[in-house]
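Commentary on secondary and tertiary structure
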Amino acid sequence: MPELIYTFASLAARTADGKTCLDGMKVLADIMHPRGVPVTWIVSPESAAIAADTLTAWHSAHGDEVAVELPILTGSYAEKEQFLKERRAKVRQALPWAEATIAGNVHCDPDIVDLLAAAGFEGVWGFCWEQIEVDDITDRGCPWGFFYMDPGDRLKPATQRSVVAVPWLSHDLLKTYHCGNAPVYTNDPNDVARASICAWEDSAYWDAFADNYYRNIRYNDAVFLLQHQEAHEMECNERNHCYTPEDIREAAIMMSRHVDHLLAKPDLRVMSLPDAVRHYRSLNDRTAPSYMLWEDSPTRRPNPDYTWNTCVGPWPKTFLYYDCGAQMMFIDGQVQPACIRNYAKPWDDRDYYREMHIPRPRLIRNTQYVWRREIELSVTSDRAMPYGLALWGDYGLYQIGEAPGLVAGKILPRELLFLRYDLQPGENRFKVSLEGK
């Protein structure tokens, strides 16, 4: 049964003067625990030891788990591997019940996949879809959801099982893609508050945001919705004063209302982050394709003091897709992709896997019989590349029949027919038979 999987994580690694961010952790726990949501705390060995009694009590009573926060790795490969093993062991020593299979925060080392696997980690949290430079993280080009990491390129999905990449948080896929400013349209409470998109009891945008994720479970085996909030951003004291007490209360109210909205939905399952990664691994032997059809959600105009130089909508309905070979975005009514990120290309900080010239398709015929349909298209390309076609319209009466060369295909009833191919240089002819159900 397809499900929306909701997880909540909190970076809780800061320490100073023998104390950690327990005040903020308790604020978040008071929101999540009464609602039956386990929290995955991303801890350092130091914060794990300081908060051990509290974390152990929360694990026993509410199913909370921990992930291991990582600093920037330095030294030789062998030294980095030993550091990771020792850091994980220290967290487990402070919290003997913790499996500590998820690493968190730093994922930019070129050897990170092999290093994490050698140290016993199953996943790494912290990927930021479409982000450039914010918080010294540039992840543009990677998928928006869970994926197995390619050992040779951390942002590229692998064709085999490896360490699972986990987003920092979840994005509004349509607005993020179109506006180009990744931190604005997310489920981070401080970002949407500073952008004046949500405020106090006004969380209508977040509700619509979650509804888009929920609607897409009909097209996928599972859709993962991950929310995150730093524990140190939920306290205002001599150690941490990122936000005012009013900001913290506002964030708490927004998150409480948002979780209530989510929990009212059928086919929603709440998991810890380690359980979500294990669930993904149980479902998939390779990076799973993701099909996401997204409708724009009305919002007030963002505050330009926070979103300076960011274009605003409204934007058209958009279909987004990724698999092991590519990521693609399609605009309502347009057959060819508006964007192709080709994972056969090397990543660079100019194109981010993007194909800068996308060939246009040509319709040869679209023949409808009594209870059958045949479509033939032509695409001429100057080089090999992954490609897709979104034929917008209601194909819900059909199922895909014979289709030579088809890599993947899906009918989204009342919306579109998606066809995934690999182009070769020259003219490519594609014939698809649709059979009545």
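It should be emphasised that the depicted structure is a prediction, and the values quoted were computed from it without experimental measurement.

This part takes up the overall build of the chain. On a plain count of helices and strands, the chain comes out with 10 helices and 23 strands. In terms of overall dimensions, the chain is globule-like: its C-alpha atoms have a radius of gyration of 23 Å, near the 22 Å expected for 437 residues. By its C-alpha atoms, the chain is 75 × 50 × 40 Å across when sized along the principal axes. A buried classification covers 58% of the 437 residues belonging to the chain. Expressed as a percentage of contacts within the chain between residues at least 6 apart in sequence, the contacts between residues at least 24 apart total 68%. Of the roughly 17,700 Å² of accessible surface on the chain, a fraction of 48% belongs to carbon and sulfur atoms. A gap of 6 Å separates the mean positions of the 45 positive and 61 negative side-chain charges of the chain.

It is worth spelling out the sheet that holds strand β19 (residues 385–392) at this point. In spatial order, the strands read β19-β22-β21; together these 3 strands make up an open sheet with antiparallel pairing. At either end of the open sheet lies a strand with only one pairing partner, and these are β19 and β21 (408–412). Within this sheet the neighbouring strands show an average axis-to-axis angle of 15 degrees, counted without direction. Pairing analysis gives 8 bridges linking β19 to strand β22 (residues 416–423), with the strands arranged antiparallel. When the sheet's bridge partners are listed, Leu-391 is paired in β22 with Leu-417.

The topology assignment puts Leu-169 in the loop between β10 (164–167) and α6 (173–179). Separated by 14 residues in sequence, Leu-169 and Pro-183 have C-alpha atoms that sit 9.9 Å apart. Those residues in contact with Leu-169 that lie beyond four places of it in its chain are Thr-186, Asn-187, Asp-188, Leu-226 and His-228.

What follows is about the sheet that holds strand β16 (residues 339–342). Strands sit in the order β13-β14-β15-β16 across an open sheet of 4 strands; the sheet is antiparallel. Each edge of the sheet is formed by a strand with only one pairing partner; in this case those strands are β13 (290–294) and β16. Geometrically, the sheet is characterised by an average inter-axis angle of 10 degrees between neighbouring strands, direction not taken into account. In the sheet, strand β14 (residues 318–322) pairs with strand β15 (residues 326–331) via 5 bridges, with the strands oriented antiparallel. Bridging across to β15, Tyr-322 finds its partner in Gln-327.

Another aspect to go through is the packing of aromatic side chains. Counted under the stated rule, the structure contains 23 aromatic pairs. Taken together, a centroid distance of 4.7 Å and an interplanar angle of 75 degrees make the contact between Trp-144 and Tyr-322 edge-to-face. Of this pair, Trp-144 sits in the loop between β7 (123–127) and β8 (147–150) while Tyr-322 sits in strand β14, and the two are 178 residues apart along the sequence. With centroids separated by 5.1 Å and ring planes inclined at 55 degrees, the aromatic side chains of Tyr-291 and Tyr-321 adopt a geometry described as tilted. Of the two residues, Tyr-291 sits in strand β13 while Tyr-321 sits in strand β14, which places them 30 residues apart along the sequence. Exposure class is identical for Tyr-291 and Tyr-321. Each is buried. One aromatic cluster is present, formed by Tyr-185, Tyr-205, Phe-209, Tyr-213, Trp-294 and Trp-315 through successive ring pairs.

Inspection of the secondary structure puts Leu-391 in strand β19. Residue class for Leu-391 comes out buried when judged on its relative accessible area of 10%. Not counting residues up to four positions away in its chain, the partners in contact with Leu-391 are Val-335, Ile-375, Leu-377, Glu-415, Leu-416, Leu-417 and Leu-419.

About the thresholds
Residues numbered from 1 in each chain as written. Predicted model: local features only at pLDDT ≥ 70, side-chain atom pairs only at ≥ 80, totals over all residues. Heavy atoms only, no water. Helix = DSSP H or I, 4+ residues; strand = E, 2+ residues; numbered from the N terminus. Rg over C-alpha atoms; globule rule 2.2 N^0.38 Å. Buried < 20%, exposed > 50% of the residue type's maximum accessible area, 1.4 Å probe, protein only. Contact = heavy atoms within 4.5 Å. Areas by Shrake-Rupley, 256 points an atom, 1.4 Å probe, with all protein chains shown as cover. Lys, Arg positive; Asp, Glu negative; His and termini not counted. Charge placed at Lys NZ, Arg CZ, Asp CG, Glu CD. Pairing = 2+ DSSP bridges. Axes fitted to C-alpha atoms, helices over the stretch in contact; angles between N-to-C directions. Phe/Tyr/Trp six-rings, centres within 6.5 Å; stacked < 30°, edge-to-face > 60°.

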